[in-house]
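Here is how the chains run, residue by residue.
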Amino acid sequence: MEARATAKYVRMSSSKLKPVTDLVRGKDLNEALTILKFLPGKGSELVEKVVQSAAANAENNHGMNPDNLYVAEVYANQGPTMKRWRAGAQGRAGMILKRTSHIGVVLKEKAPVEVAVEKEV
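Treat the numbers as computed from the prediction; the structure is a model and nothing was measured.

Overview of the sheet that holds strand β1 (residues 2-10)
Within the open sheet, the three strands sit side by side as β1-β5-β2. Their pairing is antiparallel. Here the strands that pair on one side only, and so sit at the sheet edges, are β1 and β2 (69-78). Across the sheet, the mean angle separating the axes of adjacent strands is 10° when strand polarity is ignored. The strands touched by helix α1 (residues 14-24) are β2 and β5 (101-109); relative to β2, the strand with the most contacts, the crossing angle is about 165°.

Next up, the structure:
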């Protein structure tokens, strides 16, 4: 079972978000949230909101235990680019690219660990 959350059309380039997503991929939920809380920058706040949303989806919609969750997948893909113009020298115009991205998080539950007990004869 898995829980998902996405944030689309986030006004930050995916190249700024990808180093943040790489830090939390594969981590436990609580550890990932702690890492994101203490990272500087706007990118960590945006990713943190999506991770919290996925955790809420897991708990409320799927009945999963938040203590057993880990970040199975996290990605920041490129979204559409808004093109704007700024006046340049000698009557020219320079293009400004305002990039967007889509952030996605998938949380999964850890498999229960089975302890093998040897019988003494």
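Side note on unusual backbone geometry
A positive phi is found at Tyr-9, a non-glycine position, where the angle reads about 60°. Position of Tyr-9 among the secondary structure elements: in strand β1. Here Gln-90, not a glycine, exhibits a phi torsion of approximately 55°, which is positive. We classify Gln-90 as exposed; its relative accessible area is 72%.

Thoughts on the pattern of salt bridges
Summed over the entire model, instances satisfying the criterion amount to four salt bridges. Salt-bridge contacts for Lys-110 lead to Asp-28; the nearest nitrogen and oxygen are separated by 3.4 Å. Here Lys-110 is found in the segment after β5, whereas its partner Asp-28 is found in the loop between α1 and α2 (29-38), with 82 residues between them in sequence. Classification of Lys-110 as partly exposed rests on a relative accessible area of 38%.

Thoughts on the pairing of strand β4 (residues 93-98)
Strand direction decides the pairing type here: strand β3 (residues 82-87) and β4, joined by six bridges, are antiparallel. Across the sheet, residue Lys-83 finds its bridge partner in β4, namely Leu-97. Here β3 folds back onto β4, and the loop between the two strands holds five residues, one of which, Gln-90, carries a positive phi near 55°.

Thoughts on a positive patch on the surface
On the surface, Arg-11, Lys-16, Lys-42, Arg-84, Arg-86 and Lys-98 cluster together to form a positively charged patch. Tracing the sequence through the fold places Arg-84 in strand β3.

Quick notes on α1
Of the residues making up α1, those classed as buried are Ser-14, Leu-17, Val-20, Thr-21 and Val-24. The arc enclosing the buried residues of α1, seen along the axis, measures out at 120°, which places them on a common side. For α1, the exposed residues set more than 90 degrees away from the buried face come down to Ser-15 and Lys-16. Here the buried face of α1 lies against α2, α3 (42-61), β2 and β5. Directly after α1, the chain includes Gly-26, whose backbone phi takes a positive value near 85°.

Focus: the packing of α2 against α3
Close contact between α2 and α3 brings their axes to 9 Å; oriented N to C, the two are set at 155°. The angle between α2 and α3 falls in the class roughly antiparallel. For α2 against α3, the interelement crossing comes out left-handed. In this structure, α2 uses Leu-29, Leu-33, Leu-36 and Lys-37 to contact α3, whose residues at the interface are Ser-44, Val-47, Glu-48, Val-51, Gln-52 and Ala-55.

Analysis parameters
Residues numbered from 1 in each chain as written. Predicted model: local features only at pLDDT ≥ 70, side-chain atom pairs only at ≥ 80, totals over all residues. Heavy atoms only, no water. Pairing = 2+ DSSP bridges. Helix = DSSP H or I, 4+ residues; strand = E, 2+ residues; numbered from the N terminus. Axes fitted to C-alpha atoms, helices over the stretch in contact; angles between N-to-C directions. Contact = heavy atoms within 4.5 Å. Buried < 20%, exposed > 50% of the residue type's maximum accessible area, 1.4 Å probe, protein only. Salt bridge = Lys/Arg side-chain N within 4 Å of Asp/Glu carboxyl O. Patch = residues over 30% accessible without salt bridge, like charges linked within 9 Å, V, L, I, M, F, W, Y side chains within 5 Å. Areas by Shrake-Rupley, 256 points an atom, 1.4 Å probe, with all protein chains shown as cover. Lys, Arg positive; Asp, Glu negative; His and termini not counted. Charge placed at Lys NZ, Arg CZ, Asp CG, Glu CD. Arc of directions from axis to C-beta. Parallel < 35°, antiparallel > 145°, perpendicular 65-115°, else oblique. Left-handed = near helix turned anticlockwise from the far one by under 90°.

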